[in-house]
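# Inside the fold
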Amino acid sequence: MKSTSMKNFIPVLVAVFVIPSLASAATLSVSPSSHTVKAGDTFSVSVRLDTQGDSIDGVDLRYLNYNSSLLQVLDADVAKSGTQITPGTLMPMTLLNNVDQASGKISFSQVSAGGTKYKGSGTLATISFKALASGSTQLTFNHTPSNTTDSNVAMAGKDTLSAVINGSITIGGVGVVAPTSISSESRNSDGSFVPLPEGDSDESIESPKSQGSFWNAIDYVFGRIAKGFMRIFGR
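This text gives an overview of the structure that appears in the document. The structure displayed is predicted, hence computed values, not measured ones. (Residues numbered from 1 in each chain as written. Predicted model: local features only at pLDDT ≥ 70, side-chain atom pairs only at ≥ 80, totals over all residues. Heavy atoms only, no water.)

## Details of the overall build of the protein
Let me state the cut-off plainly: The helix and strand labels rest on DSSP assignments: H or I over at least four residues marks a helix, E over at least two residues marks a strand, and numbering proceeds from the N terminus. Buried means the residue's accessible area, taken with a 1.4 Å probe over protein chains only, is under 20% of the maximum for its type, while exposed means over 50%, and partly exposed covers the values in between. Here, residues are in contact when the closest pair of their heavy atoms is within 4.5 Å. The Shrake-Rupley method, run with a 1.4 Å probe sphere, supplies the accessible areas, and residue values consider only the shown protein chains as cover.
Helices and strands together make up the secondary structure of the protein, namely two helices and 16 strands. Looking at the protein residue by residue over its 235 residues, the buried ones come to 31%. Long-range pairs, those at least 24 residues apart, make up 68% of the contacts in the protein with a sequence separation of at least 6. Surface summary for the protein: the accessible area is close to 14100 Å², and the carbon and sulfur share equals 57%.

Next up, the structure:
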């Protein structure tokens, strides 16, 4: 009986101590995961790292992709050639920081140094964008699990990146521009506007009481024409 009890007990211990270790894996995410802006707006998103309790050696973004016809990355360091994003301070050495504006690809690499490792969560980098035109686009990581040649989180030469959270950007138009009110001004023969004399308005010209009334519409049009001549040539 004792032998059977021990056989049943050992797998339970293995499950308790091994499964949490296997579940621990790093993530990369775009924050906020969704953003709504207007064409012409500038805005920022961050790339966040969470090691999920692991101690890591470094992180590669290869690549973070964006639609270059809708978004432009604003240079974080104009003193350097090319276009850069803003590095975070999770690890001391930024080995790669480059934006390919033509293809819409961001490359970034940050590593620990001096035998130290990083464990925790925080902002790996910040990206400032300008919205160029209306439309919808995504910010996507190139990532294949266990692949060390794309976006990865390195620990002892292995990729511990288990999941990525991409971002989505919705860009609206430049906004609705209010049309010029015809009732407050008229035009000269050259097309320039003639303001109404102070205190004057078109309220004295009644609009047609019914869109189905032909004669009311005629009266309305001729009344407006007469009013326009009075403004241009004087009373």
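## A short note on a nonpolar patch on the surface
What counts here: Here, patches come from residues exposed beyond 30% relative accessible area and free of salt bridges, joined within 9 Å for like charges and within 5 Å for nonpolar side chains (Val, Leu, Ile, Met, Phe, Trp, Tyr). In the sections that follow, a salt bridge refers to a side-chain nitrogen of Lys or Arg positioned within 4 Å of a carboxyl oxygen of Asp or Glu.
Together, Met-93, Leu-95 and Leu-96 make up a nonpolar patch on the protein surface, roughly 270 Å² of accessible area in all. Looking at the element boundaries, Leu-95 is found in strand S7 (residues 93-100).

## Points about the nonpolar core
Our working rule: Take the buried Ala, Val, Leu, Ile, Met, Phe, Trp, Tyr and Cys residues and link them wherever side-chain atoms come within 4.5 Å; each set so joined is a nonpolar core.
One finds Leu-28, Leu-49, Leu-71, Leu-124, Ile-127, Phe-129 and Leu-139 to be the most contacted residues of the largest nonpolar core, which totals 35 residues. Among the secondary structure elements, those contributing two or more residues to this core are strand S1 (26-31), strand S3 (42-50), strand S4 (58-65), strand S5 (71-73), strand S8 (105-111), strand S9 (121-131), strand S10 (135-141) and strand S14 (167-172). Looking at this core element by element, the count peaks at five residues for S9. If we skip the residues at most four places from it in the chain, Phe-129 touches Asp-41, Thr-42, Phe-43, Val-45, Tyr-66, Leu-71, Gln-72, Val-73, Leu-74 and Leu-139.

## A few points about the environment of Ser-55
Note that Ser-55 resides in the loop between S3 and S4. Take Ser-55: its relative accessible area is 29%, and that puts it in the partly exposed class.

## Considerations on the pattern of salt bridges
Tallied over the full model, the rule gives three salt bridges. Taking the shortest distance from any N to any O, the salt bridge between Arg-62 and Asp-60 comes out at 3.8 Å. The exposure class assigned to Asp-60 is buried, which follows from its relative accessible area of 16%.

## Quick word on the pairing of S9
Applied cut-off: What makes two strands pair is DSSP finding at least two bridges between them.
Sheet analysis places S3 next to S9, joined by nine bridges and oriented antiparallel. Paired with Thr-42 across the strands is Lys-130, a residue of S9. When S5 meets S9, the two strands line up antiparallel, connected through three bridges. Within S9, the position partnered with Val-73 by the bridge is Phe-129. Note that strand S6 (residues 86-87) and S9 share two bridges and pair antiparallel. What sits directly across from Pro-87, in S9, is Ala-125.

## Considerations on the side chain of Thr-51
Rule in force here: Whenever a nitrogen or oxygen atom comes within 3.5 Å of another N or O atom, the pair is scored as a polar contact, on the condition that within protein one atom can donate a hydrogen and the other can accept it, and that pairs from neighbouring residues in sequence are kept only if both atoms are in side chains.
Looking at the secondary structure, you find Thr-51 in the loop between S3 and S4. A relative accessible area of 0% places Thr-51 in the buried class. In terms of polar contacts, Thr-51 uses its side chain to reach the backbone carbonyl oxygen of Asp-54, at 2.9 Å.

## Some points on the pairing of S10
Looking at chain direction, S4 and S10 are connected through two bridges and run antiparallel. Residue pairing in the sheet places Leu-64 in a bridge with Phe-141 of S10. Pairing of S10 with S14, which is carried by five bridges, proceeds in the antiparallel orientation. Each bridged residue has a counterpart across the sheet, and for Gln-138 the counterpart in S14 is Ser-168.

## Examining the packing of aromatic side chains
Our working rule: Ring pairs shown here join Phe, Tyr and Trp side chains whose ring centres sit within 6.5 Å, with only the six-membered ring taken for Trp; geometry is labelled stacked below 30 degrees between planes, edge-to-face above 60, and tilted in between.
Taken as a whole, this structure holds two aromatic pairs when the rule is applied. Each ring, one from Tyr-66 and one from Phe-129, has its centre 5.7 Å from the other, and the planes form 65°; the classification is edge-to-face. Here Tyr-66, found in the loop between S4 and S5, pairs with Phe-129, found in strand S9; they are 63 residues apart in sequence, far enough to count as distant. Considered together, Tyr-66 and Phe-129 belong to a single accessibility category, that of buried residues. Through a chain of ring-to-ring contacts, three or more aromatic side chains come together here, namely Phe-43, Tyr-66 and Phe-129.

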